[in-house]
Amino acid sequence: MEKNRTALVSTAIHVLKGAIVKELHLPVTTTKTFSTKTAGRLAVEYEGPKVGDDVVKRIEAAANEKIQQNVPIQQFTLPRAEAEARFRGTPATTHTHTHT
């Protein structure tokens, strides 16, 4: 069960990152940290205008909308070079996993 919870936290963070990229209209660099098997943290590096409460609300709404769509999730492992080539330019490309 713990492995599944970690996967759920990871998936939730990917959904949130996708919403951030969509709302800010540019790639961002993120670092994901899992402090427990059921909680995580997403740190975002972003160079642009200050993000106001209205943008935060749109990000939250976009993430919630994606969750409501119940999109199938695919999980696979690729060598880093192949993953970067395959997913460059998509919302899930510039991130680092840190498990603690």
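Residues numbered from 1 in each chain as written. Predicted model: local features only at pLDDT ≥ 70, side-chain atom pairs only at ≥ 80, totals over all residues. Heavy atoms only, no water.

**Let's talk about the overall build of the protein**
No. 1: Each helix and strand counted, the protein has 3 helices and 3 strands in total.
No. 2: Start at the N end of the protein and walk to the C end: the helices and strands fall as α-β-β-α-α-β.
No. 3: Counting every position in the protein, which comprises 100 residues, the buried fraction comes to 20%.
No. 4: Partitioning the contacts of the protein with sequence separation of at least 6, the portion at a separation of at least 24 is 65%. (Helix = DSSP H or I, 4+ residues; strand = E, 2+ residues; numbered from the N terminus. Buried < 20%, exposed > 50% of the residue type's maximum accessible area, 1.4 Å probe, protein only. Contact = heavy atoms within 4.5 Å.)

**Remarks on the confidence of the model for the protein**
No. 1: For the protein, mean pLDDT is 78; residues scoring 70 or higher make up 77% of the total.
No. 2: Summarising per-element confidence for the protein, the mean pLDDT is lowest in strand E3 (residues 95-99) (42) and highest in helix H2 (residues 53-68) (95).
No. 3: For the stretch residues 91-100, pLDDT sits under 50, and the model shows 32 contacts to residues farther than four places along the chain or on other chains. (pLDDT = per-residue confidence, 0-100.)

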